[in-house]
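As a plain string of letters, each chain reads:
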Amino acid sequence: METFESLFYNNVKLFALILVLFSAGVLIYNWRRRWLYYYASKIPGPFALPLLGSFHLVSEGPHGVHKFLKNLFTDYPSTLKVWLGPELYVSTTEPEYLKLLLTRFLDKGNFYHLMTGYFQRALAAAPVKLWKKNRKNINPTFNITLINSFVDIFSKHAKVFTEKFKDGCGKETDDIYPSVWECTLDAGCETLADVSPSIIKTQQYLSGVFRIEEILMKRFFHPLLHFDIFWNLSPLKKELNKLWKQNCSCMQKMIDLMEVPKTTQDNDNEDVSTKKRFLTHLIDLNHKQEVPHDYVLEESQIMFFVGTETSAVVLSSTLLVLGMYPDLQKKIDEELYSIFGDSDRDPSLEDVNQMQYLERVIKETMRLLPPIPFVMRSVDENVHLGPYVFPKDARVIIPIAMVHRRPEFWPDPEKFDPDRFLPEEAEKRPVCSYIPFSYGVRNCIGYKYGLLSMKIILSTFLRSYRIKSSNYKSIQDMDLFIHVVAKPKNGYKIVIEKKQK
Ligand code: HEM
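Residues numbered from 1 in each chain as written. Predicted model: local features only at pLDDT ≥ 70, side-chain atom pairs only at ≥ 80, totals over all residues. Heavy atoms only, no water.

Quick word on empty space enclosed by the protein
Here's step 1: The full count for this structure, using the stated rule, is 5 cavities of 30 Å³ or more.
Here's step 2: Here the largest cavity is characterised by a volume of approximately 1,100 Å³.
Here's step 3: Residue lining of the largest cavity: 50 residues in total, with K108, A124, V306, T310 and I372 positioned closest to the centre.
Here's step 4: The set of elements that each furnish at least two residues to the lining of the largest cavity consists of α5 (128-138), α9 (202-220), α13 (293-324), β3 (375-378) and α19 (447-464).
Here's step 5: Among the elements that line the lining of the largest cavity, the one with the most residues is α13, at 10 residues.
Here's step 6: For the lining of the largest cavity, a count of residues per class yields 36 nonpolar, 7 polar and 7 charged.
Here's step 7: In this structure, the second largest cavity spans a volume of roughly 140 Å³.
Here's step 8: Those elements giving two or more residues to the lining of the second largest cavity turn out to be α3 (65-75) and β1 (79-84).
Here's step 9: Looking at the lining of the second largest cavity element by element, the count peaks at 3 residues for α3.
Here's step 10: Tallied by class, the residues present in the lining of the second largest cavity amount to 13 nonpolar, no polar and no charged. (1 Å grid on protein atoms, 1.4 Å probe; cavity = no way out; pocket = protein on both sides within 12 Å on 5 of 7 lines; lining within 4 Å. Points joined across faces, edges and corners; volume = space filled by probe spheres on them. Helix = DSSP H or I, 4+ residues; strand = E, 2+ residues; numbered from the N terminus. Nonpolar A, V, L, I, M, F, W, Y, C, P; charged D, E, K, R; others polar.)

Written as structure tokens, this is what we have:
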């Protein structure tokens, strides 16, 4: 029988052994990361607590992150670091450094590993090797000839959207965002998939996507939920799985409805890839066994999210901005009148190309309110950027919204001035001082599609209505939250009046 004394000494020995092993583990871990600490120490950044880093600064989660970034870049306007737990995040607003980072590094890193199980193969998140293959497959479905052929479809949905407001003149609208998103989603059904929008029960789809994004952001801002062991136990995961399945079945319905000729029926001499729409093309590749079915499902889900939501945010923001600054709308009216006169004909591609002032207003809106305020990259080697080194394994934040406010490139940055985008002004600025669609080969695949659709939807709406006011007095009044895309906390509400012919 063991005496109390020997039991005590054995336990002390065990405890000492665990302590030694744990300390050795910590030492080895830190020794391996010594260069990370070394290079990080040369980059300015806020105070970081041991283990937690500066997590306390993002304790408000998605609702505080915009303010957090703004404060951070006010204190460190050029290049900075921030520790979140044991992870080192580095960032810069220097266009020259951004150009190098966005050209050389295409991997988005394990920022997106939190989405694993949902969309790790889609373009927006795929690791580089897979991304290259997928982007090559999808690029032809975003060629400019195909996109330009969508003018009539965008115009049809723009008219449906415009009609919805005819009885609401003179009083404040409800949040217009769901109606705008419905419009871009309906247009997306016909342009990306060539199916009737009635396939998707729009409101149900939209609230599902909204909740999916909310849950993903909750996970991102909750350090414990980064660990699979806690995430797997969380009720949020259960809810996310259910919503994801619902969303999948929407897309599956779309795929089922699409009549795609089998490969054997294709004319081999015809370059079908330049003519087929996004989903038609993917289904065709699946029939040829070049891509698996579940990849088609995943890629189309994400394309519908990112493609329709970003445009909806920019459109809604532009409507708000027009309510804040009435002079802008006077100039847009003059431009539209010079193109259409009193006619209410649908726009042609030539008409859209003439909407230069409207395009500048949209660009200035995306400068001050970019729907995607930051993107991520990971660096797999040390990157020398002037006096700093972004060390291997650091996570790089590309702070789109903050680059757009650098006073060196944007004098009086908070002032809304569309003429910053006159060609002679734009050419004075360095590459990567304006990156709403990011930059380099991994930029936004849909930027031409987005610009065309937004010009058609806005011009159609503004030919019928004048925006008298919005629920904000200025852009500085707007407090944003980030659910993948950045939106104002108080929504988008405007007062419109019917235009007299
Ligand atoms: C209209 C406003 C839009 C804005 C401001 C915007 C912005 C962006 C940004 C910043 C990225 C991230 C790029 C990176 O990580 O470097 C991105 C990626 C992407 N966007 Fe857009 N986007 C818009 C519209 C669209 C549309 C209309 C579509 C499709 C119909 C689309 C499809 C995508 C896809 C698939 C990606 C992932 C690209 C890849 O990694 O290869 N976007 N977008």
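Notes on the UniProt feature "binding site: heme" (unreviewed entry) in the chain
Here's step 1: Mapped onto this numbering, the UniProt entry annotates "binding site: heme" (unreviewed entry) at C444.
Here's step 2: Assignment of secondary structure puts C444 in the loop between α18 (423-426) and α19.
Here's step 3: Its relative accessible area of 32% is what places C444 among the partly exposed residues.
Here's step 4: Setting aside residues up to four positions removed in sequence, C444 forms contacts with R135 and F437. (UniProt positions renumbered as here; feature names shortened; annotations may be inferred. Buried < 20%, exposed > 50% of the residue type's maximum accessible area, 1.4 Å probe, protein only. Contact = heavy atoms within 4.5 Å.)

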